[in-house]
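Here are the chains, one letter per residue:
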Amino acid sequence: MHKNLLFLLIALPFLIQAQINESDTARLQLRTNLTGNYQAGNVQLFALRGRIELSAAGKNFVFKTQNNGLYQSFFKTKADADLFSRNFLYYRPQQPVYPFVMGFVASNYRLKINTRVFVGGGATWQMIKSSKSNIKLSASMVYEQTNFSRSQFNNTHYTGQNQIRLWRATSWLAGQHRFNENGLRLHYTIYYQPGLDGQNNYRVSGEAGLDFPIYKGLGFTMLYTNLYEQVVVSGVQQRDALFSFGLNYQLKKR
């Protein structure tokens, strides 16, 4: 089962986007969580996972950053040591259509990725915006550079090189729905990201989650994610799924 965690920090620019909404009029938004697990004896396991999201709004611009960290070891052997930072700058995101620029930096020990960088921009259309529902459709273009620790891939076109560079187009649908004020919230994201280098190099992912408020910003959350990556290092599986749950804390200042 632990194999399903391999995609957590490489989930790419638009995964788990629904946590903080950049179109919210709040001047400052903060969301954070930290979970861990330690076992000894017949099974020796140590896992530490953290996430922090921050959104800061000015008159016309909103900056949002999402940062994840993961470390895991099994029988004192490192299994994961990953970081993922996603950063956006939006212009007037309260409008029905608004542009953005973005930059991402990631590493993933299990996927044999030393560094992965995305830089690009695009636009978002708010198809539905109300106090209870928000549905967005976005499109963007990014330039990707990934440095691998190995040079053998399931696609022989890339075999022999440790670095893959290419442009990617991305389209994605994201939604959030509240069933009552300050109550249960459903959020989901679906995206498709083909490479533009003439190879069959694409990624597709879907995610759905539920948030239950508990008390003054503290809540319980459940999340299911499924990711497929067409091009991977030889010996790494292309598809992964994960169901996770835990506590979160969210702060808003208007």
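Rules and cut-offs
- Every chain is numbered on its own, with residues counted from 1 as its sequence reads.
- In view of the model being predicted, local features appear only for residues whose pLDDT reaches at least 70, and side-chain atom pairs are presented and counted only at 80 or more, with totals across whole chains, interfaces and linings using the full set of residues.
- As a rule here, side-chain values cover all heavy atoms of the structure and leave hydrogens and water aside.
- Strands are runs of DSSP state E lasting at least two residues, helices are runs of H or I lasting at least four, and both sets are numbered from the N terminus onward.
- Only protein chains enter the accessibility calculation, which uses a 1.4 Å probe; a residue is then buried when its area is under 20% of its type maximum, exposed when over 50%, and partly exposed in between.
- Note on contacts: a residue pair is in contact if any heavy atoms of the two residues lie within 4.5 Å.
- Residue burial considers only the protein chains on display, and all accessible areas are found by Shrake-Rupley using a 1.4 Å probe.
- Centres within 6.5 Å are what make two rings of Phe, Tyr or Trp a pair, Trp counting through its six-membered ring; a difference in plane orientation under 30 degrees is then read as stacked, over 60 as edge-to-face, and the rest as tilted.
- Note on geometry: a ring has a charge over it if NZ (lysine) or CZ (arginine) is within 6 Å of the ring centre and within 35 degrees of the ring normal.
- Every patch collects residues that have over 30% relative accessible area and no salt bridge, joining them within 9 Å if they carry like charges and within 5 Å if they are nonpolar side chains (Val, Leu, Ile, Met, Phe, Trp, Tyr).
- Note on definitions: salt bridges are taken to be side-chain nitrogens of Lys or Arg within 4 Å of carboxyl oxygens of Asp or Glu.
- Identification of polar contacts relies on pairs of N or O atoms within 3.5 Å, with a donor-acceptor requirement for protein atoms, meaning one able to donate a hydrogen and the other able to accept it, and with residues adjacent in sequence counted only if both atoms are side-chain atoms.

**Student:** With reference to specific residues and values, describe the overall build of the protein.
**Tutor:** The secondary structure content of the protein amounts to zero helices and twelve strands. Going from N to C terminus, the protein has its helices and strands arranged as β-β-β-β-β-β-β-β-β-β-β-β. Looking at the protein residue by residue over its 254 residues, the buried ones come to 45%. Taking contacts inside the protein between residues at least 6 apart in sequence as the whole, the part at least 24 apart equals 56%. Of the roughly 12600 Å² of accessible surface on the protein, a fraction of 60% belongs to carbon and sulfur atoms.

**Student:** Report on the packing of aromatic side chains, specifying residues and quantitative values.
**Tutor:** Applying the stated criterion across every chain, the model contains 14 aromatic pairs. A centroid spacing of 5.1 Å and a plane angle of 55° characterise the contact between Phe-61 and Tyr-91, whose relative ring orientation is tilted. On the criterion of sequence distance, the pair formed by Phe-61 in strand E3 (residues 61–74) and Tyr-91 in strand E4 (residues 77–91) is long-range, its members being 30 residues apart. Accessibility expressed as a relative area gives 35% for Tyr-91, which makes it partly exposed. Note on Phe-88 and Phe-104: the rings are 5.3 Å apart at their centroids and 80° apart in plane angle, and the pair reads as edge-to-face. Taken together, the positions of Phe-88 in strand E4 and Phe-104 in strand E5 (residues 97–108) put the pair 16 residues apart, joining distant regions of the chain. The same class applies to Phe-88 as to Phe-104, namely buried. Put simply, the rings of Phe-88, Tyr-90, Tyr-98, Phe-100, Phe-104, Phe-118 and Trp-172 pair up and form one aromatic cluster. Looking at Lys-64, its charged tip hangs above the ring of Phe-88, at a distance of 5.4 Å from the centre.

**Student:** Before we move on, can you summarise the environment of Ser-244 with the specific residues and values?
**Tutor:** Note that Ser-244 resides in strand E12 (residues 239–253). On the basis of relative accessibility, which here comes to 26%, the residue Ser-244 falls in the partly exposed class. Counting along the chain gives 21 residues from Ser-244 to Leu-223, while the straight-line C-alpha distance between them is 5.4 Å. Apart from the residues within four sequence positions on either side, Ser-244 is in contact with Thr-221, Met-222 and Leu-223.

**Student:** Just give me the short version of a nonpolar patch on the surface, but keep the residues and values in it.
**Tutor:** Taken together, Leu-34, Tyr-38, Phe-46, Leu-48 and Tyr-71 make up a surface patch of nonpolar side chains, about 540 Å² in accessible area. For the nonpolar patch, the secondary structure elements donating two or more residues are strand E1 (28–39) and strand E2 (45–57). Structurally, Leu-34 is set in strand E1. Overall, the relative accessible area of 63% leaves Leu-34 in the exposed class.

**Student:** Could you give an account of the pattern of salt bridges, naming the residues involved and the relevant values?
**Tutor:** Using the criterion set out here, one finds six salt bridges in the structure. Put simply, Glu-144 and Arg-116 hold a salt bridge, and the shortest N to O gap is 3.9 Å. Of this pair, Glu-144 sits in strand E7 (residues 133–148) while Arg-116 sits in strand E6 (residues 113–129), and the two are 28 residues apart along the sequence. Looking at Glu-144, the relative accessible area reads 2%, which means it is buried.

**Student:** Can you lay out the side chain of Thr-170 for me, pointing to particular residues and giving the numbers?
**Tutor:** Along the chain, Thr-170 turns up in strand E8 (residues 163–178). The class for Thr-170 is buried, based on a relative accessible area of 3%. A polar contact of 3.0 Å, which involves the side chain of Thr-170, links it to the side chain of Gln-193.

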